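Topology and contacts: notes
Residue-level listing of the chains:
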Amino acid sequence: MQFQLSGQQIEITPALRDRVNSQLDRLTRLDERAISLSIVLSVDKLQQRAEGTLNVTGAALHAEALTSDMYASIEMLFDKLVTQLRKHREKISDKHQREVREERQYG
């Protein structure tokens, strides 16, 4: 999977990069066929923002988290992306199961 981490008005420190990499394992455990992930970290006065776009086969999942702590924003972002990825995978598997069931029923 391609991975891009960038910052707007913030320097990406090794600690921030390590936190994102540790959270990245959560996504790869769910779906190892993900194409790319782009994360942008930014600071606006007292608000720490983390935005991410995950490209998977058939969809682009986007999430955003805004808190007063950058580490909390990163964790919230990955929570949202994991939830969206699970929902996307269930939608795909349900569709395929329905097709198989209809083929068995109608021959």
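Nothing here was measured: the structure is a model prediction, and the numbers come from that model. (Residues numbered from 1 in each chain as written. Predicted model: local features only at pLDDT ≥ 70, side-chain atom pairs only at ≥ 80, totals over all residues. Heavy atoms only, no water.)

Remarks on the environment of S73
With respect to the helices and strands, the residue S73 is situated in helix α2 (residues 70–106). Once the C-alpha coordinates of S73 and Q48 are considered, the two residues, 25 residues apart in sequence, prove to be 6.8 Å apart. If sequence neighbours within four positions are ignored, S73 has contacts with Q48, A50, A65, L66 and T67. Among the polar contacts made by the side chain of S73, one reaches the main-chain carbonyl oxygen of Q48 at a distance of 2.8 Å. (Helix = DSSP H or I, 4+ residues; strand = E, 2+ residues; numbered from the N terminus. Contact = heavy atoms within 4.5 Å. Polar contact = N/O pair within 3.5 Å; in protein donor to acceptor, adjacent residues only side chain to side chain.)

What to know about the environment of I35
Structurally, I35 is set in the loop between α1 (14–30) and β2 (36–44). By relative accessible area, which is 47% here, I35 ends up partly exposed. Residues in contact with I35, not counting those within four places in the same chain, are M1, Q2, N55, V56 and T57. (Buried < 20%, exposed > 50% of the residue type's maximum accessible area, 1.4 Å probe, protein only.)

With respect to the pairing of strand β1 (residues 2–8)
Across seven bridges, β1 lies against β2 in parallel orientation. Opposite G7, over in β2, you have L41 as the bridge partner. A crossover links β1 with its parallel partner β2, the connecting element being α1, and its sense is left-handed. (Pairing = 2+ DSSP bridges. Right-handed = clockwise from strand over helix to strand, strands pointing away.)

What about the pattern of salt bridges?
One pass over the full model with this rule turns up four salt bridges. In this structure, D79 engages R26 in a salt bridge whose closest nitrogen and oxygen atoms are separated by 2.7 Å. Taken together, the residues D79 in helix α2 and R26 in helix α1 connect sequence positions 53 residues apart. Residues joined by salt bridges that share partners form a network here, namely D44, R49 and E64. (Salt bridge = Lys/Arg side-chain N within 4 Å of Asp/Glu carboxyl O.)

So, the sheet that holds strand β3 (residues 47–56)
Spatially, the four strands line up as an open sheet ordered β1-β2-β3-β4, and their pairing is mixed. Edge positions in the sheet fall to β1 and β4 (59–67), since each of these pairs with one other strand and no more. Here the average twist between neighbouring strands, direction ignored, is 10°. Direction of pairing for β2 relative to β3: antiparallel, over a ladder of nine bridges. Within β3, the position partnered with S42 by the bridge is R49. Across the face of the sheet, α1 comes into contact with β1, β2 and β3 while running at roughly 140° to β1. (Axes fitted to C-alpha atoms, helices over the stretch in contact; angles between N-to-C directions.)

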